[in-house]
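Geometric and topological summary
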Amino acid sequence: MKIKISIFILIITLLTFFVTGELNSKKNRTVITSAAPPVITPIESETTSSMDSPDGEKTLMIEKKDNFYTIFITNNSDGNKTQVFRKEKINSSQLEIPYNTWSPDNFYFFLKEKNASVDNYLVFQSSGESFLNNQPYLSIQEPFKINVPNYTIEEVTGWAGPNLLIVNAKQNDSDSKISFWYEVPSQAVIQLGTYFK
Amino acid sequence: MIFLLLFIYKMILPKNIPCANSISCKKLPRFEVERNATGIFNNQPVPVPNIMLSKNEDTNPVLGLKTTSGEKHIYVNLETQTLSAYEGSSLFMQTPISSGLWGKTPKGDFTIWAKFRATRMSGGSGADYYDLPNVPYVMFFSNDEVPGSSGFSLHGTYWHNNFGHAMSHGCVNMKTTDAGKIYDWADAPSDGQPGTKITIYGDLPV
């Protein structure tokens, strides 16, 4: 009888050690479940910026979505919104709407294209129509580099007239600053005597 | 009577104050609107927007919006090319402007002496000549040293869009929408009370 009791106590003790050991080992174990891995949904980075024309008649808006810039113009009298251009975002370049983007008669607008090296300025027709040779926009850097290679554009500040953009520039080998007019229809770069601070 | 007023008007114009608007140096400014006109700025033709007067708009000098929250005061900072309008300590609006490039904008404390929904402005010479009908939302200002006849004013602008940079012959140019808001808010003199105060300060960056 005593032997039976001793064997029973031994079995109970062994079982207790076994169960305790199993529980401790489970705590340290990594739980692997068969559930599907979480799906990472790409967050669409969508931003918009806008600027009213000085007379309040039109609003220019840039929408950045899915690596594309889309440019819209809204006619504020009837709320009619039209897409005038769509451009793929290239590398680190960024399109910005300057404060003075609209030409005084709302016929043109210009945008600043910020690049890692040199900023560019692009002129569009607000009708969405292309320029000559089917160009959707005019780049100011190109005629500037050709016509006045000894100057670097510092800023295009705004419009001096319905088709005259003011370009502030700096001489490459000195601190001399000078302003130019960029005449949109002819794409001419005209040196001025006045510096537009 | 008109000739007498004009004579006095011319006599009080000091010789050393340049005309920001040559028309106001010859005759009293007035409400003036033209249809389908063409203007000239920087010796270039400029299309002139027609002025569409709504039924509620008065063509004579008008009072501003009556409020009781404090004295109205407009500050023009020539260094930053910004205008800030306060009512008491509350900012009513802040916006980029264009001050004098071809003619200096006078500095000091002024008051608005007349408001016109639109008028004609002319001046400059040679390449800087300008003749602009339908200048919108004009608020002429003056003080003891700068008489009203010298033609300095705050006003809307349809011939350029280069705000934040000096671009005028001495006046303070604003976007037409901004000028409209200030025009409706600011006061012309009435009942012995002076018009809204304007303080112009700072220097254009060299």
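Residues numbered from 1 in each chain as written. Chains lettered and ligands numbered in written order. Predicted model: local features only at pLDDT ≥ 70, side-chain atom pairs only at ≥ 80, totals over all residues.

Right, let's talk about the overall build of chain A for a bit. Each helix and strand in chain A was counted, giving 2 helices and 12 strands. The N-to-C order of helical and strand elements in chain A reads α-β-β-β-β-β-β-β-β-α-β-β-β-β. Of all 197 residues assigned to chain A, the portion counted as buried reaches 23%. If you take every contact in chain A between residues at least 6 apart in sequence, the share linking residues at least 24 apart comes to 26%. (Helix = DSSP H or I, 4+ residues; strand = E, 2+ residues; numbered from the N terminus. Buried ≥ 20, exposed ≤ 12 C-beta atoms within 10 Å, placed from the backbone. Contact = placed C-beta atoms within 7 Å.)

The next point concerns the overall build of chain B. Along the backbone of chain B there are 3 helices and 10 strands. Helices (α) and strands (β) of chain B occur, in sequence order from the N terminus, as α-α-β-β-β-β-β-β-β-β-β-α-β. Taking the contacts inside chain B whose residues are at least 6 apart along the sequence as the reference set, 68% of them involve residues at least 24 apart.

Another aspect to go through is the environment of Gly202(B). Residues and elements named next belong to chain B. Tracing the sequence through the fold places Gly202 in the segment after strand 10 (197-201). On the basis of neighbour count, Gly202 is assigned to the partly exposed category, with 15 C-beta atoms found within 10 Å. Counting along the chain gives 40 residues from Gly202 to Asn162, while the straight-line C-alpha distance between them is 19 Å. Residues contacting Gly202, with those up to four places away along its chain left out, are Asn77, Leu78 and Glu79.

All right, on to the pairing of strand 5 (residues 90-96) of chain B then. All names here are of chain B. Strand direction decides the pairing type here: strand 4 (residues 82-87) and strand 5, joined by 6 bridges, are antiparallel. Along strand 5, the bridge assignment pairs Ala85 with Met93. Two successive antiparallel strands, strand 4 and strand 5, enclose a turn made up of 2 residues, where Gly88 displays a positive phi of approximately 65 degrees. (Pairing = 2+ DSSP bridges.)

Turning our attention to the confidence of the model for chain A. Overall, the prediction assigns chain A a mean pLDDT of 84, with 77% of residues at 70 or greater. Predicted confidence for residues 25-34 of chain A stays below pLDDT 50, and this span has 0 contacts to residues more than four positions away or in other chains. (pLDDT = per-residue confidence, 0-100.)

To continue, consider the sheet that holds strand 6 (residues 108-114) of chain A. Residues and elements named next belong to chain A. One open sheet holds the 4 strands; their spatial order is 5-6-7-8, and the pairing between them is antiparallel. The open sheet terminates on both sides in strands that have one partner only, identified here as strand 5 (94-96) and strand 8 (138-139). In this sheet, strand 7 (residues 120-125) lies alongside strand 6 in antiparallel orientation, the contact comprising 6 bridges. By the bridge assignment for strand 7, Lys112 is matched with Tyr121.

Let's shift gears to the pairing of strand 12 (residues 188-191) of chain A. Residues and elements named next belong to chain A. The pairing of strand 11 (residues 177-183) with strand 12 spans 4 bridges and is classified as antiparallel. Residue pairing for strand 12: Trp181 is matched across the bridge by Ile190. Count of turn residues in the strand 11/strand 12 antiparallel hairpin: 4 residues, of which Gln187 carries a positive phi of about 60 degrees.

Let's shift gears to the interface of chain B and chain A. Each partner contributes to the interface: chain B provides 23 residues, whereas chain A provides 20 residues. The leading source of residues in the side of chain B that touches chain A is strand 2 (residues 44-47) of chain B, at 3 residues. Looking at the side of chain B that touches chain A residue by residue, the class counts come to 12 nonpolar, 10 polar and 1 charged. (Nonpolar A, V, L, I, M, F, W, Y, C, P; charged D, E, K, R; others polar.)

Our focus in this paragraph is the sheet that holds strand 10 (residues 164-171) of chain A. All names here are of chain A. Ordered in space as 9-10-11-12, the 4 strands form an open sheet in which the pairing is antiparallel. Looking along the sheet, the strands with just one partner apiece sit at the ends: strand 9 (151-161) and strand 12. Between one strand and the next, the sheet's axes are offset by a mean angle of 30 degrees, whatever the strand orientation. Across 8 bridges, strand 9 lies against strand 10 in antiparallel orientation. Following the sheet pairing, Gly161 is matched in strand 10 by Leu164. (Axes fitted to C-alpha atoms, helices over the stretch in contact; angles between N-to-C directions.)

Another aspect to go through is the nonpolar core. Among the nonpolar cores identified, the biggest contains 41 residues, and Val76(B) and Met139(B) are the most heavily contacted of them. Of all the secondary structure elements, the ones that give two or more residues to this core are strand 3 (72-77), strand 4, strand 6 (108-123), strand 7 (130-142), strand 9 (172-175), helix 3 (176-185) and strand 10 of chain B. Counting residues per element, this core draws most heavily on strand 7 of chain B, at 8 residues. Among all residues touching Val76(B), those that are not within four sequence positions of it are Leu83(B), Ile97(B), Ser99(B), Val172(B), Ile198(B) and Ile200(B). Of all hydrophobic cores here, the second largest spans 30 residues; its members include Val123(A), Phe124(A), Tyr151(A) and Val156(A). (Core = buried A, V, L, I, M, F, W, Y, C linked by C-beta atoms within 7 Å.)

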